[in-house]
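Observations on the model geometry
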Amino acid sequence: MSRHLDLILTALAPAIWGSSYIITTELLPQGYPLTVAMLRALPAGLLLILVVRKLPEGMIWWGRVFLLGVLNFGFFWWMLFEAAYRLPGGVAATVGAIQPLVVIFLASAVLGQKLRIISVVAALVGIGGVAFLVLSGEAKFDMIGILAAAAGAASMALGTILTRKWQPPVSLLTFTSWQLVAGGLILLPFSMIFEPALPVLTVKNYAGLIYLGLIGAAFTYILWFRGISKIEPAKISVLGFFSPAAAVLLGWGILGQNLTTLQIVGLVFVIFSVWLGQQSGFRINLLNKSTA
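Structure report, in brief.

The rules behind the values
Residues numbered from 1 in each chain as written. Predicted model: local features only at pLDDT ≥ 70, side-chain atom pairs only at ≥ 80, totals over all residues. Heavy atoms only, no water. Phe/Tyr/Trp six-rings, centres within 6.5 Å; stacked < 30°, edge-to-face > 60°. Helix = DSSP H or I, 4+ residues; strand = E, 2+ residues; numbered from the N terminus. Buried < 20%, exposed > 50% of the residue type's maximum accessible area, 1.4 Å probe, protein only. Contact = heavy atoms within 4.5 Å. Salt bridge = Lys/Arg side-chain N within 4 Å of Asp/Glu carboxyl O.

1. Notes on the packing of aromatic side chains
- Within the structure shown, the criterion is met by 13 aromatic pairs.
- Here the aromatic rings of Trp-62 and Phe-66 are separated by 6.4 Å at their centres, their planes lie at 25°, and the arrangement is stacked. Here Phe-66 and Trp-62 lie together in helix H4 (residues 59-86), a separation of 4 residues that amounts to about one turn.
- Residue class for Phe-66 comes out partly exposed when judged on its relative accessible area of 29%.
- Ring geometry for Phe-175 versus Phe-225: centroids 6.0 Å apart, planes at 40°, classification tilted. You can see Phe-175 sitting in helix H9 (residues 172-194) and its partner Phe-225 sitting in helix H10 (residues 203-230), a full 50 residues away along the chain.

What follows is the structure, encoded as structure tokens:
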């Protein structure tokens, strides 16, 4: 499969993730970030486990799967929904767009990878687009929401690096199912302890949860993990800028939110940063590291 098709399929995942914010605010019961995150991960993961009928082998893989489940799903989605409940969709999504820069510096600090100026520039251009998108007349700056979005971005950045480093000898469907179940199981006791029981769910609520679980989780993460296995982490991480772009465009197209000139400039910056990231020749080769 060509490199361009790999990029297109991988970019489809964050573009769909951008819809998570509008689904959360419009279709789900409000005020249950832990419970909603758990319901997004665990049912979808269990369904996939029933399909693949395979579990991790050896204690080392059980430990890795649960760590990745926390980073890519459990903690990340908790922070994602916390931000989505507290911030407008465009703001929540764009704050999370610091992830590419976090990936670059984590790869350098943790794995000793060489920092490339052009890769940092690409990430900074994207963050500049984030700033333009956030600085709209309708933006609301809830500090807890902003911190949650930033923490979630850091969590997924580390998860991206470790997912690339730890490639198990199983299918992407199997690897995704393990992480979804692990992330959901980690969230389950926290949701039961810290949040009240959900109200009686409506048809609209069920539709939102099914969409987030099957499309926004299982389908998109299979595409994302496939991309991670084929594309360098720094290159793939800049594709995450499509998430805030999609969130803002959906807010404009579906909810009738204003799209200012400054936000249009921000969208242009985001698109340019993604393009620049693909031209920059990032060479973060994590697969050469030992996976023993």
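Let us keep going from here.
2. Some points on the environment of Leu-187
- Looking at the element boundaries, Leu-187 is found in helix H9.
- Discounting residues that sit within four places of it in the chain, Leu-187 has contacts with Leu-34, Ala-37, Met-38, Gly-74 and Trp-78.

3. Side note on the pattern of salt bridges
- Here the structure, examined in full by the defined rule, presents 2 salt bridges.
- One salt bridge in this structure joins Arg-226 and Asp-6, with 2.8 Å as the shortest N-O distance. Separated by 220 residues along the polypeptide, Arg-226 in helix H10 and Asp-6 in helix H1 (residues 3-17) bring together distant segments of the chain. For the pair formed by Arg-226 and Asp-6, the shared burial category is buried.

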